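# Summary of the model geometry
Letter by letter, the chains look like this.
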Amino acid sequence: MEFDVEYFARLARIKLTEAEKKKFERELKDILGYVKELKNTDTKDAVPVTGGTSLRSVFREDVLDKKRGDSGKGRGSFPEEKDGFLKVPKVFE
Amino acid sequence: MIHLHDLTVKRFREGLENKEFSAYEIIKALFDYIDLRDKEVDAYLTLNRDNALEAAAKVDVAVAEGRELPPLAGVPLAIKDNVLIEGLPATAGSKILEHYTAAYDATVIKKLRGAGAIFLGKTNLDEFAMGSSTENSAFKITKNPHDLTRVPGGSSGGSAAAVASHMAVAALGSDTGGSIREPAAFCGVVGMKPTYGAVSRYGLIAMASSLDQIGPIAKTVEDAAILFKQIAGHDPNDATSAPDIVYGDDLLNPSLEKMRELTIGVPEEYFVPGMDEEVANAVQGAVKEFESLKVRVKKISLPHTKHALSVYYIIMPAEVSTNLSRFDGIRYGDRAKAENLMDLYYRDRGAGFGPEPKRRIILGTFVLSAGYYDAYYAKAQKVRALIKKDFDEAFKSVDVILTPVAPTPAFKIGEKADDPLQMYLSDIFTIPVNLAGLPGISIPVNGREGKLPIGFQLIGKPWHEADILGLGMFYERLGGKK
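Note that this is a predicted model, so its numbers are computed, not measured.

### Focus: the overall build of chain A
Looking only at helices and strands, one finds three helices and two strands in chain A. In chain A, the succession of helices and strands from N to C terminus is α-α-α-β-β. Here chain A displays about 7400 Å² of accessible surface, and carbon together with sulfur accounts for 51% of that area.

Okay, structure coming up:
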């Protein structure tokens, strides 16, 4: 099958080099060639498994953890910040 | 003082209580040994030396004062670097998290800390736990302690190698398709993936959320049971952790009589033509040893096994592509000079992720995209149900299933590095267990001293870790382990 690696890399927000494009295109074609065997499996009566457990939706009270109320530690890894806020590049031109 | 080779979780406790050694002595000796041995094994990414020695000194004060000790007092553990320990780096083996410091403890860490354990450091892994050899780490390649030219397995290769080379008494790993069991088999140690939902995933850097579980890597089955008992349990912070499962003391004290009431099933689909003969023979040898224990063994069939790898390589990348979208260069990572926000995403993710995460993210994006979703993702979810049903059927007539862990012993470094599909095939015997959410343990085949280790796998019914741990303990006693 045709596999437009550049298109899906763009959807995934990953910049690829020319060498990577070639390599991944070949490898992903191999992998997709392998997994296409599923096509012929009879799954008429199969109920899809959509998660790891059969648990229903789980709710809990949203309790404020006073110790964690301070965002200080999470901020420690920000690549750029100003006055304690996370800085991002312009969203709108 | 006791030799580090002879140190187990259980033995550590006895020695501490009988004042044969102090926690400080042992942990100091471990770091001295790590300084020497890890130069060639490369198991650790970060050492937690000062904190660990300080914690050990406190344990020794508690011993001297005759205070009651928590169950894992002073036990020195290695932790895979995708599990968060507050204040320590958590790189997940990726450049994109190279400068990230964990802001909180994972639930398993909180539990182990509460039980008195001490963390020696963080261990190497395939980037974001994606791989079967630890060659995909962005930082270094861990070597197999039994043969430094071979891989330790992966993705928890650092943890398995650290335990196998006695640079830790035991460790934690994570397992999405075999990442605890395969490296345990390659390194000749014990590794268990618990039932999905038995152990909280809170604070584990997620790879594929419907498959990931944290579990123990240890020198003995008994040690694995001790650690599992401490980390299992419901956690409100992980909605998939089971609310009403309680593991009893039979995890630690199995009775041989009860084990003899169990039937082991051996599935024909797991002994495939072309598989390594030595592995097949070694695993059949383990079957015979169980028979010598008077445990019943019968042949079974799991007919959809052949589809497991395909299902896995659709569902796992789909979940990877969504989970790893949080690594966007905004809150973590080195920020590239970018024209605008979109450009920032492209550049940061392009530069921060290595080849394997990129490959899986792109594949996952594809199988979830409009026009392909039904043919790939939805189809795989249905075949996953068939694989699960195979196990449900089998468990009507047997209690435990015995299989190989990997088709070969540890392979050479570089041997499969350029062929992703060949690498993926290393996990064909472990993947079905994750797809079905079952507990599985990898145990070294007895009597392979001086040879490359080979592991066999025991798969249990959901929440029946006691069965596989119990059988495992009696098996390893046949091999002379206490």
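### Focus: helix α1 (residues 9-17) of chain B
Because each turn of an α-helix spans 3.6 residues, side chains separated by three or four positions in sequence point in the same direction. Residue and element names in this part refer to chain B. Along α1, the positions that sit buried rather than exposed are Val9, Phe12, Gly15 and Leu16. Along the axis of α1, the buried positions cluster into a sector of 125 degrees, meaning they face one direction only. Buried residues belonging to α1 abut α2 (23-41), α3 (49-64), β2 (76-80), β4 (170-175) and α7 (221-231). Phi turns positive, to about 55 degrees, at lysine 19, one or two residues after α1.

### Examining empty space enclosed by the protein
Residue and element names in this part refer to chain B. In total, this model carries four cavities of 30 Å³ or more according to the counting rule given. Counted as a void, the largest cavity has a volume near 50 Å³. Surrounding the largest cavity, Ala129, Met130, Gly131, Gly177, Gly178, Ser179, Met207, Tyr312, Tyr313, Arg360 and Asp427 form its lining. A class-by-class count of the residues in the lining of the largest cavity yields five nonpolar, four polar and two charged.

### Looking at the side chain of threonine 430 of chain B
All names here are of chain B. Assignment of secondary structure puts threonine 430 in the loop between α14 (420-424) and α15 (431-435). At a separation of 2.7 Å, a polar atom in the side chain of threonine 430 contacts the main-chain carbonyl oxygen of glycine 177. Leave out the neighbours within four places in its chain, and threonine 430 touches Gly177, Gly178, Arg181, Val405 and Gln457.

### Side note on the confidence of the model for chain B
In the predicted model, chain B carries a mean pLDDT of 96, and 99% of its residues have values of at least 70. Two summary scores accompany this predicted model of the complex, namely pTM at 0.96 and ipTM at 0.91.

### Side note on the confidence of the model for chain A
Considering every residue of chain A, the mean pLDDT works out to 85; 88% of them sit at 70 or more. Looking at the elements of chain A, mean pLDDT is at its lowest for helix α3 (residues 72-75) of chain A, recorded as 72, and at its highest for helix α1 (residues 5-11) of chain A, recorded as 96.

### Considering the environment of proline 76 of chain B
All names here are of chain B. Along the polypeptide, proline 76 turns up in strand β2. We classify proline 76 as buried; its relative accessible area is 0%. Placed 41 residues apart in sequence, proline 76 and alanine 117 show a C-alpha to C-alpha distance of 6.2 Å. Setting aside residues no more than four positions away along its own chain, proline 76 makes contact with Phe12, Ile26, Ile27, Leu30, Ile118, Leu120, Ala168, Val169 and Ala170.

### Comments concerning the environment of lysine 358 of chain B
Examined against the element boundaries, lysine 358 of chain B turns out to sit in helix α12 (residues 355-367). For lysine 358 of chain B and glycine 93 of chain B, which are 265 residues apart along the polypeptide, the C-alpha to C-alpha distance reads 14 Å. Ignoring sequence-local partners within four residues, the contact set of lysine 358 of chain B consists of Ile14, Leu16, Glu20 and Phe24 of chain A together with Arg349, Gly350 and Phe353 of chain B.

### Considerations on the packing of aromatic side chains
By convention here, two paired aromatic rings are described through the distance between centres and the angle between planes. Tallied over the full model, the rule gives 21 aromatic pairs over all chains. Judged by centre distance (5.1 Å) and plane angle (75 degrees), the rings of phenylalanine 3 of chain A and phenylalanine 366 of chain B are edge-to-face. One end of the pair, phenylalanine 3 of chain A, is in the segment before α1; the other, phenylalanine 366 of chain B, is in helix α12, on a second chain. On the basis of relative accessibility, which here comes to 2%, the residue phenylalanine 3 of chain A falls in the buried class. What makes phenylalanine 366 of chain B buried here is its relative accessible area of 0%. Grouping aromatic residues by their ring pairs yields a cluster made of Phe3, Tyr7 and Phe8 of chain A together with Phe366, Tyr372 and Tyr376 of chain B. Across the ring face of phenylalanine 474 of chain B, the terminal group of arginine 477 of chain B is positioned such that the distance to the ring centre comes to 5.1 Å.

Criteria and cut-off values
Residues numbered from 1 in each chain as written. Chains lettered and ligands numbered in written order. Predicted model: local features only at pLDDT ≥ 70, side-chain atom pairs only at ≥ 80, totals over all residues. Heavy atoms only, no water. Helix = DSSP H or I, 4+ residues; strand = E, 2+ residues; numbered from the N terminus. Areas by Shrake-Rupley, 256 points an atom, 1.4 Å probe, with all protein chains shown as cover. Buried < 20%, exposed > 50% of the residue type's maximum accessible area, 1.4 Å probe, protein only. Arc of directions from axis to C-beta. Contact = heavy atoms within 4.5 Å. 1 Å grid on protein atoms, 1.4 Å probe; cavity = no way out; pocket = protein on both sides within 12 Å on 5 of 7 lines; lining within 4 Å. Points joined across faces, edges and corners; volume = space filled by probe spheres on them. Nonpolar A, V, L, I, M, F, W, Y, C, P; charged D, E, K, R; others polar. Polar contact = N/O pair within 3.5 Å; in protein donor to acceptor, adjacent residues only side chain to side chain. pLDDT = per-residue confidence, 0-100. Phe/Tyr/Trp six-rings, centres within 6.5 Å; stacked < 30°, edge-to-face > 60°. Lys NZ or Arg CZ within 6 Å of the ring centre and 35° of its normal.

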